[in-house]
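Analysis of the macromolecular model
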Amino acid sequence: QVQLVESGGGLVQAGGSLRLSCAASGRTFSTYTTGWFRQAPGKEREFVAVIAWSGSTYVADSVKGRFTISRDNPKNTVYLQMNSLKPEDTAVYYCANSWTFTTATRGFGSWGQGTQVTVSS
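Described below are features of the structure shown in this document. Bear in mind that the values here come from a model prediction, so they are computed numbers and not experimental data.

Turning our attention to the sheet that holds strand E1 (residues 4-7). The sheet built from four strands is open, its strands ordered E1-E3-E8-E7 with antiparallel pairing. The two strands at the open ends of the sheet, each matched to only one other strand, are E1 and strand E7 (67-72). When the angles between neighbouring strand axes are averaged without regard to direction, this sheet yields 15°. Pairing of E7 with strand E8 (residues 77-82) involves six bridges; the strand directions are antiparallel. Bridge pairing in E8 links Phe 67 to Met 82.

Spelled out as structure tokens, the structure:
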């Protein structure tokens, strides 16, 4: 059963901003670590950012300084604020949960359907 649902994607011009949301679609635990990943056509799924239940975060070098991950535990929602977007950020963005603080895709489960982010040049 899908536990997380991504939303907030869309079409934006380079330099613009989007905020993605990862909302619980069922029972969740505040102790989960939640990560954002993305996959562009012809590319492997790659790590973007992760946040522990405590609020500790880690972001990929490719988005450092531009993307911010945060969470609102009472709302069971994790956000990815994306600023200064570049065409290379175009991808389907996914969120997933893990019981450990890791950046590895294999460490996560409960993948959603993803939300498309397209950045025009």
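Still more ground to cover, so stick around.
This part takes up the side chain of Ser 98. Structurally, Ser 98 can be placed in strand E9 (residues 91-98). Note on Ser 98: relative accessible area 3%, which makes it buried. Of note is the side chain of Ser 98, whose polar atom sits 2.9 Å from the backbone oxygen of Thr 100. A distance of 2.9 Å separates a polar atom in the side chain of Ser 98 from the backbone oxygen of Gly 107.

About the thresholds
- Residues numbered from 1 in each chain as written.
- Predicted model: local features only at pLDDT ≥ 70, side-chain atom pairs only at ≥ 80, totals over all residues.
- Heavy atoms only, no water.
- Pairing = 2+ DSSP bridges.
- Helix = DSSP H or I, 4+ residues; strand = E, 2+ residues; numbered from the N terminus.
- Axes fitted to C-alpha atoms, helices over the stretch in contact; angles between N-to-C directions.
- Buried < 20%, exposed > 50% of the residue type's maximum accessible area, 1.4 Å probe, protein only.
- Polar contact = N/O pair within 3.5 Å; in protein donor to acceptor, adjacent residues only side chain to side chain.

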